[in-house]
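# Tertiary structure, described
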Amino acid sequence: MSNIAEKTYETAPSKKVAFIGLGVMGYPMAGHLARAGHSVTVYNRSSAKAAAWAAEFGGAHKPTPREAAQGADIVFACVGNDDDLRSITLGADGALAGMAAGAIFVDHTTASADVARELYQAAKTLGLSFVDAPVSGGQAGAVNGLLTVMCGGDTAAFDAVKPAAMAFSRAFTLLGESGAGQLTKMVNQICIAGLVQGLSEAIAFGQKAGLDMNQVLDVIGKGAAQSWQLDNRGKTMVADKFDFGFAVDWMRKDLGLVLDEAKRNGARLPVTALVDQFYADVQAMGGNRLDTSSLIKRLK
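Moving on, we get to helix 1 (residues 26-35). Counting buried residues along helix 1, nine of its ten residues qualify, which places the element largely inside the surrounding structure. All of the buried residues in helix 1 are Gly26, Tyr27, Pro28, Met29, Ala30, Gly31, His32, Leu33 and Ala34. Gly37 sits one or two residues past helix 1 and shows a positive phi near 105 degrees.

Structurally, Ser169 is set in strand 9 (residues 169-176). Contact partners of Ser169, with chain neighbours within four places excluded, come to Lys7, Gly145, Leu146, Leu147 and Val149.

This paragraph deals with the pairing of strand 8 (residues 147-152). Taken across its six residues, strand 8 has five buried, putting it largely inside the fold. As defined by bridge partners, strand 7 (residues 135-136) adjoins strand 8 across two bridges and the pair is classed as antiparallel. Residue pairing for strand 8: Val135 is matched across the bridge by Val149. Regarding topology, helix 8 (residues 155-165) serves as the crossover connection from strand 8 to the parallel strand 9, and that connection is right-handed.

How each quantity is defined
- Residues numbered from 1 in each chain as written.
- Predicted model: local features only at pLDDT ≥ 70, side-chain atom pairs only at ≥ 80, totals over all residues.
- Heavy atoms only, no water.
- Buried < 20%, exposed > 50% of the residue type's maximum accessible area, 1.4 Å probe, protein only.
- Helix = DSSP H or I, 4+ residues; strand = E, 2+ residues; numbered from the N terminus.
- Contact = heavy atoms within 4.5 Å.
- Pairing = 2+ DSSP bridges.
- Right-handed = clockwise from strand over helix to strand, strands pointing away.

If you want it as structure tokens, here you go:
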């Protein structure tokens, strides 16, 4: 069985690309690039995962980011955090050392705006381009090739990358200069944190009041309370199911980035800070790998 869904791809010139990081997001994203007709070479910390990807999609795999990046027009990456990102880009075995002048590095990691700007400058010094491009849509979005991608960087690099990146995207948008993609992802996570907490409280309240919450969600989902979270997570929260991709541990990492940035720019985020602590409660309950809608478990 394929690890990606069927998709009709937009016509785009075939590129030689590398993909670094084959986790729950990167594996299917790289798969869509291969299925769309691009020549894909992969690298993953676990070589067994890279070999499995190559066996499924027919690409090559290499033992270092540098070797994977050699000869690539575009190098895509999706890893865990700032330190992971530095480890696969910088140094003798890093991707930047293997890239030819004029090549473009596209980072899909949710990381800090600071590391995006740092790597943008490092790439520029080497005659390369760097685009920060965090994604929204979760594992399902990656599998279906329907991610929303928020980009920061130079227009020319963005324009060169977009046709290939649409293999795994439904929207691929330039929001501003280097770092703007990461800042936009932070806005996204602020919205989600508040929405999921509100939905959790609403469902818990309705259940304690003796209402049929599936029926209630059907009704209020046709009015002003409608949201993606209500439509896609409301009934699974009622059913006490929390295995839908984006984990609490990852959300806490993202909210940590948000709160650090808020300290720098002076933004006041009282609700976000509170919800971050609620996610800490879920972790303390053993819910590290549950999806973000598991906030409701605190209320039962």
